[in-house]
Amino acid sequence: MSEAAFGTIAQGEPEIRGRVSEPRPIWQAPLLPLGIASIFVGTMVLNDVTAEIRVLLVLVGIAAGYLGLDAVCQRRWGAGFDTSAWLSGFWLVLIGLSAILVQWLPLPESKLVKNALRETPRLRPDLFSGHPLGTNDQGLDILGGVMWGARTSLIISLGAVAIGLVIGGIIGITAGYFRGALDSGVGILADSMLAFPPLILLVAMATVFEQNQWTMALELSLLGIPTYIRLSRANTLTFAQREFVLAAKAMGSDNRRVIFRELMPNVALPMVSYAFLITAVLIVAEASLSFLGVGIKPPEPTWGNMIESGQDGFNFRDHPHMVFVPGIVMFMTVFALNRVGDKARERWDPREAQI
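Remember, predicted model here, so these are calculated numbers, not experimental data.

> Could you give me a rundown of the packing of helix α5 (residues 142-178) against helix α8 (residues 213-239), with the residues and numbers involved?
Running from N to C, α5 and α8 point in directions that differ by 35°, and their axes come no closer than 5 Å. In this structure, α5 meets α8 at a crossing whose hand is right-handed.

Now the structure itself:
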């Protein structure tokens, strides 16, 4: 292929990638109130029908409501408006505020059973009652439990990501910069850590250490460190040959200055964009351990042990909200983190976003 032809294709790529589709047809806008009505009927009105019908109505309402909202937003702000990304960002802000403010909110008892002896157990969700999301089989408030679970999940997952980001990032940048035997040894270490079954490793560590938020953050950081080692090493190999790094070396900068002043600021942005994705993975890992009974245990509520407490046959058949409420909240949080992470990759790591 000639250089001129290659240049023409290269110039045309951004236009092709930037092409936006037509906005959703305006007839979909009425789906928004219909979806809200379907959710309201499924959660508030049809209390005497089977759980399968109510869950189906809620799911249909969510889908219809999203299509209607997307049509309205695209008609208002253009076809390029990403409704799902904005909703994901809003949800993460809401979850973060809930985790921060939960201890000061006037919520019913959601942790200690002895303080909820007068509460009615297994109440169904009622948005206009004292228990908007219902109660569990011990009379504890599910809304408060979900909010306390958000705090636990965010502390553990964000702490693990921060540890992995710092340790794995420094090791990977150092290995990618100096290369040689150090790079080979670090590569073998990272591959070995990734090859070991993570669930077996976490369960083994849970049997040795007392489980609390900080020990679980340290344990889960072992899942993030090898990923960050490989990611920071790969980006360091790319940036180490750039002109600004070569110029810094030519001006007599020592290795420490090159690593911390030239390489690290450029390698950090792609790593931070992946932090959203790794946080989502670690939230699922923490919930899995709590579900299996080797993570955070009651009375401290987590999304995992809330799902476990409501998943026996009687509760799940007759009171599915005890499983679905924390499950849906966790699903929406993980989905939102992945969605925002994709947007962060497009902004801070465009080469990876095009793959």
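Having seen the model, we can carry on.
> Before we move on, could you go through the pattern of salt bridges and cite the residues and values that matter?
Counted according to the given criterion, the structure contains 7 salt bridges. In this structure, D183 engages R233 in a salt bridge whose closest nitrogen and oxygen atoms are separated by 2.5 Å. Here D183, found in helix α6 (residues 180-195), pairs with R233, found in helix α8; they are 50 residues apart in sequence, far enough to count as distant. Given a relative accessible area of 8%, D183 falls into the buried group. One connected set of salt bridges, linked through shared partners, spans D82, R339, K343 and E346.

> Can you explain the nonpolar core? Please cite residues and give values.
Formed by 28 residues in total, the largest nonpolar core has its most connected members in V161, L220, Y228, V258, L263 and L282. Elements supplying a minimum of two residues to this core: α5, α7 (198-208), α8, α9 (243-250) and α10 (255-292). If one sorts the elements of this core by residue count, α10 sits on top with 12 residues. Setting aside its immediate chain neighbours within four residues, L282 contacts S157, A160, V161, L220 and L223. I95, A287, V325 and A336 belong to the second largest nonpolar core, which has 21 residues in total.

> Quick rundown of the side chain of Q211? Include the residues and the values.
Structurally, Q211 can be placed in the loop between α7 and α8. Note on Q211: relative accessible area 15%, which makes it buried. Side-chain polar atoms of Q211 contact the backbone oxygen of V294, separated by 3.2 Å. Beyond its immediate stretch of four places on either side in the chain, Q211 contacts A206, M216, E219, V294, G295 and I296.

> I'd like a description of the confidence of the model for the chain, backed by residues and values.
Averaged over all residues, the pLDDT of the chain is 80; the fraction at 70 or higher stands at 86%. Contacts of residues 1-20 to residues separated by more than four positions or lying in other chains number 4 contacts, the stretch itself having pLDDT below 50.

> Any details on unusual backbone geometry? Residues and values, ideally.
The linkage connecting P298 with the following residue, P299, adopts the cis geometry, with an omega of 15°. As for its position among the elements, P299 is in the loop between α10 and α11 (303-309). Its identity is not glycine, yet R122 carries a phi of approximately 60°, on the positive side.

> I'd love a proper account of α7, names of residues and values included.
Within the sequence span of α7, burial applies to L202, M205 and A206. Taken down its axis, α7 places every buried residue within 105° of arc, on the same side. The outward face of α7, more than 90 degrees from its buried face, is lined by the exposed residues I200, T207 and V208. Buried residues along α7 sit in contact with α8 and α10.

> Residue-level account of the environment of N136, with values.
Structurally, N136 can be placed in the loop between α4 (83-101) and α5. Under the relative-accessibility criterion, N136 is labelled buried at 14%. Considering only alpha carbons, one finds N136 and S309, 173 residues apart in sequence, at a separation of 8.4 Å. Not counting residues up to four positions away in its chain, the partners in contact with N136 are P121, R122, I142 and M322. At a separation of 2.9 Å, a polar atom in the side chain of N136 contacts the main-chain amide nitrogen of Q138. Polar side-chain contacts of N136 include one of 2.9 Å to the backbone nitrogen of L140.

About the thresholds
Residues numbered from 1 in each chain as written. Predicted model: local features only at pLDDT ≥ 70, side-chain atom pairs only at ≥ 80, totals over all residues. Heavy atoms only, no water. Axes fitted to C-alpha atoms, helices over the stretch in contact; angles between N-to-C directions. Helix = DSSP H or I, 4+ residues; strand = E, 2+ residues; numbered from the N terminus. Left-handed = near helix turned anticlockwise from the far one by under 90°. Salt bridge = Lys/Arg side-chain N within 4 Å of Asp/Glu carboxyl O. Buried < 20%, exposed > 50% of the residue type's maximum accessible area, 1.4 Å probe, protein only. Core = buried A, V, L, I, M, F, W, Y, C linked by side-chain atoms within 4.5 Å. Contact = heavy atoms within 4.5 Å. Polar contact = N/O pair within 3.5 Å; in protein donor to acceptor, adjacent residues only side chain to side chain. pLDDT = per-residue confidence, 0-100. Arc of directions from axis to C-beta.

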